[in-house]
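# Breakdown of the fold
What follows is each chain in one-letter form.
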Amino acid sequence: MYLTKEEELVLAGEYGYALQKAMEILVALGEIYGADRLIPIKSAQVAGVSYKNIGDAGIEFLKDFADAGAKVSIYTTLNPAGIGDEEFMEKQREVLELYRQMGIEVTSTCTPYYGANLPKFGDHLAWSESSAVSFANSIIGARTNREGGPSSLAAAIVGKTPNYGLHLDENRKATVVVDVEAEVGSFVDYAALGYHLGKTLGNDVPYIKGIKPEMTEYLKEMGAAMAASGSIALYHVEGETPEYGDAIADKLETITVENSDIMAVRELFSDDWSEIDMILIGCPHASLMEIKEIAELLRMRGKPLKTPLFITASRAVKALADSLGYTEVIERYNGRIIPDACFVVSPVKDWYRGIATNSGKSAFYFRSFGFKVRLDDAENLIKEAP
Amino acid sequence: MKLRGRKIVGGKVEGELIVSQKPLSFLGGVDPETGIVTDAESDIRGQSIAGKILAFPRGKGSTVGSYVIYALKKNGKAPKAIIAGEAETIVATGAIIAGIPMIDGIDVSRLRTGMRVRVDGDAGEVEVIDSDQ
C-alpha cells in the first residue's frame, strides 16, 4: 500500500505512540484487504462502547490509549451504550469519559444521522454499527465498510481509512436481483423482508425491485434486519435509493420473495402476550416521527400499559420529544424513552424473558438470547398489549 | 523447514508451538486472566496459550476479541507470537495494539503442537528448529 511521506512519519512514531498504533492498524488492514492507499474520511462512528461488550479488557486498552494522548482528528460519535445496575453504570460512565478525553462527541447512537451527524452522498466514512453502516451506504450513498471498534477508532484518530471494500465503485454494484412479489406495506413487512433477505443471501449487494416504502424509517428498519440476520452492508432499491441507476453491471441471478416468505418470518416471531413482559420500540433508534406515532397510539388506546414500554432513541431525538410534549404523553401510559442506549448490548435484558417489538433486528437478537418474541406493527402492539 | 508468509506485526521470537487447526474466537474463547482456551468448538480447549507461539487458521467471532488479546498481554498471559493462515481484522488489530509479532499466509496444517519454532515477524517467516517432540 502506498503511503505519503507524512503517513510514513506517523508510522515511524514521529508523532507519538497513539498515532503510531492507529496508523499501524490502518496499514495492516490495508495490506490484508489489498487497499492501494489511505483516503480521508468525513466522520467516524466508533463501536466498543457498551461495558457489557468490551469489559475490563476494553477499558484497560482505552485508558492506556487515552493516557498516551490519543485524540480524534475528525468528527466522531459512538455506538449505543449499555444500561444495567449501579455497578455496571459506573463502568459504563468510565468508558464514555475515556472516549470524551479522546475528543469524541459522546452521543451514543445507531442513528447519528438524526441530529449528530448527517453525511452526504459520496462521503467516505468509517462507521461501525451495522444498521448505521447500511443506512449511510444504501439510503444516503455515502461509503463505509463495517468497521470494528479498534479500526474505527484508529480511522478517527488518523482521519483516514484504507481504500478497499465499499469505498470502491466496483464493490458497490449489485450481486443479486431480488424481485419482491410479496405485498410489503407496513413497517413490520419491511422488517420481515430484511430479516428474510439477511438469512437467504450471503455477503451480497442486493438490488431490490417491487417495493415502494412510504417512509425512510421503513428502509432503515429493513436494512437493520438484513444486517443483523445476515451481513449485508449495502442494498439498492429500484427507483428509491441514490445509486440504483448504476447498480447493475452484469447479468445477475434473480431471487423472488413471495407472501409466504414474509408470513414465515412473522410466524417465527408470534409468541403469545402471556409470555411477553416488555415492549421495545426503537431498534434502530426511533425517529421523531416514530415517537410521535407511539404517543398518538397511546392516546387512542386511552389506558396505561401493564407491560412496560421502552423506546430507545438518540439523545437528540429524545430532546425533541421532550420539548414537543411526546415524552410526557408516553410516560403517562407507562412508557419511557431511553436516550443513547441499547437493550441488545445491556445486561438489563436479563431482567426480562419475553419481548414484543416492531423491530426485525431486535427479534433476531432477542430470540438468540432465548427470549420469547412477538413481532408486530406498533399500531397492533399498543392496541393489543395488556 | 522454513515457511514463508507475510508480515502483520514485526519482531523476532523463538518458542514452543501450540496449534489449533480450527478458527479461534478470542472473546468468550480465551480467558484473559489465565490464557486458557475455553472455546467449546476448539481443538485446543483447556490448554494455555500463555508464553507459547500460537498458530491457527483464522480468527472468528466478535471484534471485541482484539481487546481480549490486549488484556492477555497486560496480564502476562499472551502468546509470544501469532501465526495465522489468514489474518483478519480481529486478530491483526489485537496483535498490533498488544505488540505481539504476527505473520499470516502460513499453511497451519504443516505445524504441530510442541514443535520449537523461530518466528521472524519482519520477514514474515517461521522456521521449525526442532520438530522432535
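Before any of the text, the structure's been laid out above.
Just so we're clear, the structure is a prediction, and the values are computed from it rather than from any experiment.

The next thing to look at is the overall build of chain A. Counting its secondary structure elements, chain A contains 14 helices and 14 strands. For 386 residues, the compact-globule formula gives about 21 Å, and the C-alpha radius of gyration of chain A, at 21 Å, lands near that figure. For chain A, the spread of C-alpha atoms along the three principal axes comes to 65 × 55 × 35 Å. Counting only residues that meet the buried cut, chain A has 61% of its 386 residues in that class. If you take every contact in chain A between residues at least 6 apart in sequence, the share linking residues at least 24 apart comes to 78%. Of the roughly 15,100 Å² of accessible surface on chain A, 49% is carried by carbon and sulfur atoms. Looking at charge distribution, chain A has the averaged site of its 38 positive side-chain charges lying 3 Å from that of its 56 negative ones.

Next up on the list: unusual backbone geometry. Residue and element names in this part refer to chain A. Cis geometry is found at the peptide bond from Cys283 to Pro284, where omega equals 0 degrees. Checked against the element boundaries, Pro284 lands in the loop between β10 (278-281) and α10 (288-301). A positive phi is found at Asn334, a non-glycine position, where the angle reads about 70 degrees. If you trace the backbone, Asn334 turns up in the loop between α12 (326-332) and β12 (335-339). Judged by relative accessible area, Asn334 falls into the partly exposed class, the value being 33%. The backbone phi angle of Asp340 is positive, close to 60 degrees, even though this residue is not glycine. Residue position: Asp340 is located in the loop between β12 and β13 (354-357).

Cut-offs and rules
Residues numbered from 1 in each chain as written. Chains lettered and ligands numbered in written order. Predicted model: local features only at pLDDT ≥ 70, side-chain atom pairs only at ≥ 80, totals over all residues. Heavy atoms only, no water. Helix = DSSP H or I, 4+ residues; strand = E, 2+ residues; numbered from the N terminus. Rg over C-alpha atoms; globule rule 2.2 N^0.38 Å. Buried < 20%, exposed > 50% of the residue type's maximum accessible area, 1.4 Å probe, protein only. Contact = heavy atoms within 4.5 Å. Areas by Shrake-Rupley, 256 points an atom, 1.4 Å probe, with all protein chains shown as cover. Lys, Arg positive; Asp, Glu negative; His and termini not counted. Charge placed at Lys NZ, Arg CZ, Asp CG, Glu CD.

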